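# Results of the structural survey
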There are 2 protein chains.
Amino acid sequence: MRVGPSQDEIRRQNLGALLRYVHLHGATTRAELTNALGLNRSTIGALTADLAAAGLVTEGAPKETGRAGRPSLVVRPESERIFAYAYSIEVDRLRAARVGLGGAVLDRRELDRPRGLSAAEAAPLLAGAVKEMRQALPADAVCVGAGIAICGMVRRDDGLVRLGPTTGWVDEPIGAAVSAELGVEVPVIVGNVADVAAFAEHARGTAAGCDNVIYLYGDVGVGAGIIAGGRRLTGHGGYSGEVGHMVVSRDGARCECGNRGCWETEIGEHGLLRAAGRSDARGRDALLAVFDAADRGDARAQTAVRQAGDWLGFGVANLVNIFNPEMVIFGGTMRDLYLAAAAQVRSRLNSNGLPACLEHVRLRTPMLGADAPLIGAAELAFERLLADPLDVG
Amino acid sequence: MRVGPSQDEIRRQNLGALLRYVHLHGATTRAELTNALGLNRSTIGALTADLAAAGLVTEGAPKETGRAGRPSLVVRPESERIFAYAYSIEVDRLRAARVGLGGAVLDRRELDRPRGLSAAEAAPLLAGAVKEMRQALPADAVCVGAGIAICGMVRRDDGLVRLGPTTGWVDEPIGAAVSAELGVEVPVIVGNVADVAAFAEHARGTAAGCDNVIYLYGDVGVGAGIIAGGRRLTGHGGYSGEVGHMVVSRDGARCECGNRGCWETEIGEHGLLRAAGRSDARGRDALLAVFDAADRGDARAQTAVRQAGDWLGFGVANLVNIFNPEMVIFGGTMRDLYLAAAAQVRSRLNSNGLPACLEHVRLRTPMLGADAPLIGAAELAFERLLADPLDVG
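Residues numbered from 1 in each chain as written. Chains lettered and ligands numbered in written order. Predicted model: local features only at pLDDT ≥ 70, side-chain atom pairs only at ≥ 80, totals over all residues. Heavy atoms only, no water.

### Some points on unusual backbone geometry
Residues and elements named next belong to chain A. For asparagine 324, which is not glycine, the phi torsion reads 50° and is therefore positive. Counting through the fold element by element, asparagine 324 comes out in the loop between helix 10 (299-323) and strand 15 (327-332). Residue asparagine 324 is classed as buried on the basis of its relative accessible area, which comes to 3%. (Helix = DSSP H or I, 4+ residues; strand = E, 2+ residues; numbered from the N terminus. Buried < 20%, exposed > 50% of the residue type's maximum accessible area, 1.4 Å probe, protein only.)

Have a look at this one:
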């Protein structure tokens, strides 16, 4: 039962709101903040002073505007000093980055990930990447947390990776493993890659300002990060969005989950490569080769791509009827498939979607591109800071 | 961008929280309210006095407890005086009720609805039922609003019924039509029947305390009301939850929406009657006759029921993988089908659902039964009062 907050809670809410605003929008004048937050000038001044004293923002003169009158001071996030570590554990690669408050990637490392690499083997590789990045850290830099994006089902309460069908991981406490390798005190938050990428695109990407969004992410499998009513959908345990295991065809191909006819058997890596007559191939490059062959007129590749595009539109129509989103974003290999077969996707969506649900839906590719999982993983880590800036900073 | 509330907003929040508590839980001692709302005794006393002065609650001595010491005063909602009108527009009937603050149905009327009845014809019938109920109103009764539950797609912003596939209604402003017939000033809020029933079961039924719930409602078609993260899922325009139009079989039967193989062609009224060899029959009684025949050993009816149960489990598994709910509720004709074919439903759900998503999911029938649409429609109407009690009461 929610009741009114105390004065102290209100102050923390306001500090968080101001810091979040400059984190998402960059340098902002006090006048804009007054408008955007609906607080008076003296409150904005006091909040800014508190955040500046904690080293989270700086205040300074704006660039010359040419206007008369005293210019409003500009508040900037401490983007070089305050940062989070972000990791992305993908089917074929491991990535680590240092992301500054404000969302810029300050440093990054990337490693190949042989399929089959265990969590115990991955943790020291990620920690090694961080140790390298630490060499270049400014002396006064402050790490406020770390986030991991991973293709797999992640338990909401503690970040345990319950199942990574494409990694083979079962019940892996990857957050704790990376923490232990690094010997750091900051919490490591783990999230499913589609959820995390959706979070990033919603916070500062193509879905900014949209309250109802489906972000489809494909690698070997397919999952969705879903924003509903402006908030991330998690489900009871954290496992929502397993749209790749929506069964679309009772007599379909066998899926890695043990079932038959899951959506990802038609639009995921294996299905597309099989349909293109390349069952032995693996990986994103092999997929891109199919799209490329289709482009160059290879009939079998063209048929495979059109068919997969039709299935992509088929599943999207189901999701559009279920969620009535205003935007669907195609990320990972779904981006490549969508761009290669947009006509088929749209045609099937338009024929299977209910007219009212189709009215306002826009189809988009990610603005943050392949960085969305990293930026989203950093956003997970920044959440704690933004909820209570002076407690963390 | 959310910032801290003002003192006045906090007071209204607290008034709303207290009134909501007694609305949902009935008579409550001041001591319990102090605990439940996390406010001190003097604040609870002041809030109660304000609500009592507005005629929304009464305060009085509790029943004899036998304990020593001064008993805590008991706060009760003014259930006889403060009420909302609730309407349910169903495929085969129209219902109207007067529902008191606290959720009890104080009075009700029910009329047959011939299939094909237009909105213009339905509005005076509903208004007539209300005029009858008005005869029996206490002199000091106060109507705080009205709500309508309807099988159809309802625009969130203004309650326009965009499409009722089973009523044939297109772009019907039924709320305004009923208002005009009644000549009343209170707002009439319109909602899809599955959304409204889900709201009721979540507020005071079998899903109370559950944050992630799918309420499946069947009549001729099938829709879902979805609670995600403790909030009602609406989608961008208000049309989310059209799970009956999730296509489950590309080569399936033609659906009323014009598409093929929608889930409701397998589990809805028409599909089940067709499979049972009773294509000419219509309505819930005809459906119940099939379940009854299956019970008595009719082989064709048994096959039809088992097959429909398997399809029910099939679609529920897809939704469980997508939403990771903690509860699925079977309402309307889905309740009858679930009870007739629970073994098939569970078997298919268990084979198609992902293990992590199945872990905590419970299958339930509605606690509020067939009254859920009426009680939910009243809850829609009470929302405005609970958001700002002194402004409305």
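### Description of the sheet that holds strand 3 (residues 74-77) of chain A
As summarised here, the arrangement of the 3 strands in space is 1-3-2 (chain A), forming an open sheet in which the pairing is antiparallel. The sheet is open, and its two edges are formed by strand 1 (28-29) and strand 2 (57-60) of chain A, each paired on a single side. (Pairing = 2+ DSSP bridges.)

### Remarks on the interface of chain B and chain A
The partner chain A presents 57 residues to the 57 residues of chain B that form the contact. For the pair chain B and chain A, the two sides together bury roughly 4,900 Å², of which 58% comes from carbon and sulfur. Across the chain B-chain A interface, the total number found is 4 salt bridges. The shortest N-O distance in the salt bridge between arginine 250 of chain B and aspartate 310 of chain A comes to 2.4 Å. Joining chain B to chain A, the criterion identifies 24 residue pairs in polar contact (both at pLDDT 80 or more). At the level of secondary structure, the elements contributing two or more residues to the side of chain B that touches chain A comprise helix 1 (7-25), helix 2 (30-37), helix 10 (299-323), helix 12 (342-352) and helix 13 (355-358) of chain B. (Contact = heavy atoms within 4.5 Å. Buried area = accessible area lost by both parts, 1.4 Å probe. Salt bridge = Lys/Arg side-chain N within 4 Å of Asp/Glu carboxyl O. Polar contact = N/O pair within 3.5 Å; in protein donor to acceptor, adjacent residues only side chain to side chain.)

### Side note on the side chain of asparagine 318 of chain B
Secondary-structure assignment places asparagine 318 of chain B in helix 10. According to the relative accessible area criterion, asparagine 318 of chain B is buried, its value standing at 0%.

### Regarding the relation of the copies chain B and chain A
Between the two chain copies there is a screw-like relation: a rotation about an axis and a shift along it. Turning chain B through 180° and shifting it by 0.0 Å along the axis lays it on chain A, with an RMSD of 0.0 Å. Here the two chains are linked by the operation of a two-fold rotation axis. Measuring from the rotation axis to each C-alpha of chain B, the shortest distance belongs to valine 248 of chain B, at 2.8 Å. When the interface residues of chain B are mapped onto chain A, 100% of them again lie at the interface, so the same face is used by both copies. (Least-squares fit on C-alpha atoms with pLDDT ≥ 70 in both.)

### Re the environment of arginine 155 of chain B
Residues and elements named next belong to chain B. Looking at the secondary structure, you find arginine 155 in the loop between strand 8 (153-154) and strand 9 (161-164). Arginine 155 sits in the partly exposed class, given a relative accessible area of 30%. In this structure the C-alpha to C-alpha distance between arginine 155 and alanine 176, which are 21 residues apart in sequence, comes to 14 Å. Aside from chain neighbours lying at most four places away, what touches arginine 155 is Leu160, Arg162, Gly237 and Tyr239.

### Details of the domain arrangement of chain A
Here chain A is partitioned into domain 1 (7-77), domain 2 (82-197 + 371-392) and domain 3 (207-366). Using C-alpha coordinates to define each centre, domain 1 of chain A is positioned 41 Å away from domain 3 of chain A. (Domains from an automatic or database assignment.)

### Some thoughts on the pairing of strand 3 (residues 74-77) of chain B
For a regular strand, side chains alternate in direction, first toward one face of the sheet and then toward the other. Residues and elements named next belong to chain B. Examined bridge by bridge, strand 1 (residues 28-29) and strand 3 share 2 bridges and lie antiparallel to one another. Each residue of the ladder has a partner; that of threonine 29, found in strand 3, is valine 74. The pairing of strand 2 (residues 57-60) with strand 3 spans 4 bridges and is antiparallel. Along strand 3, the bridge assignment pairs glycine 60 with valine 74.

### Looking at the sheet that holds strand 12 (residues 213-218) of chain A
All names here are of chain A. Taking strand neighbours across the sheet as the criterion, the 5 strands line up as 14-13-12-15-16 in an open arrangement whose pairing is mixed. On the outer flanks of this sheet lie strand 14 (231-232) and strand 16 (362-364), each paired with one strand and no other. Sheet topology places strand 15 next to strand 16; 3 bridges connect them, and they run parallel. Along strand 16, the bridge assignment pairs valine 328 with leucine 363. This element, helix 6 (residues 193-204), spans strand 12, strand 13 (222-228), strand 14 and strand 15 of the sheet and lies at about 40° to strand 13. Sitting on the sheet, helix 10 is in contact with strand 12, strand 13 and strand 15, with an inclination near 150° to strand 12. (Axes fitted to C-alpha atoms, helices over the stretch in contact; angles between N-to-C directions.)

### Considering the packing of helix 2 of chain B against helix 3 (residues 41-53) of chain B
Residue and element names in this part refer to chain B. Two elements in contact, helix 2 and helix 3, have axes separated by 9 Å at closest approach and are oriented at 110°. Between helix 2 and helix 3, the interaxial angle falls into the category roughly perpendicular. When the axes of helix 2 and helix 3 are compared, the crossing they make is right-handed. For the pair helix 2 and helix 3, the contacting residues are Arg30, Leu33, Thr34 and Leu37 in the first and Arg41, Ile44 and Gly45 in the second. Residue composition of the contact of helix 2 with helix 3, by class: 3 nonpolar, 2 polar and 2 charged. (Parallel < 35°, antiparallel > 145°, perpendicular 65-115°, else oblique. Left-handed = near helix turned anticlockwise from the far one by under 90°. Nonpolar A, V, L, I, M, F, W, Y, C, P; charged D, E, K, R; others polar.)

### A look at the packing of aromatic side chains
Enumeration according to the criterion identifies 7 aromatic pairs over all chains in this entry. Geometrically, the ring pair formed by phenylalanine 323 of chain A and phenylalanine 323 of chain B is tilted, given 4.8 Å between the ring centres and 35° between the ring planes. Linking phenylalanine 323 of chain A in helix 10 with phenylalanine 323 of chain B in helix 10, this pair reaches from one chain into another. Its relative accessible area of 4% is what places phenylalanine 323 of chain A among the buried residues. Geometrically, the ring pair formed by phenylalanine 330 of chain B and tyrosine 338 of chain B is stacked, given 4.3 Å between the ring centres and 5° between the ring planes. Stacked on the ring of phenylalanine 83 of chain A, the Lys or Arg arginine 98 of chain A has its end atom at 4.8 Å from the ring centre. Its end group placed over the ring of tryptophan 311 of chain A, arginine 250 of chain B keeps NZ or CZ at 4.3 Å from the ring centre. (Phe/Tyr/Trp six-rings, centres within 6.5 Å; stacked < 30°, edge-to-face > 60°. Lys NZ or Arg CZ within 6 Å of the ring centre and 35° of its normal.)

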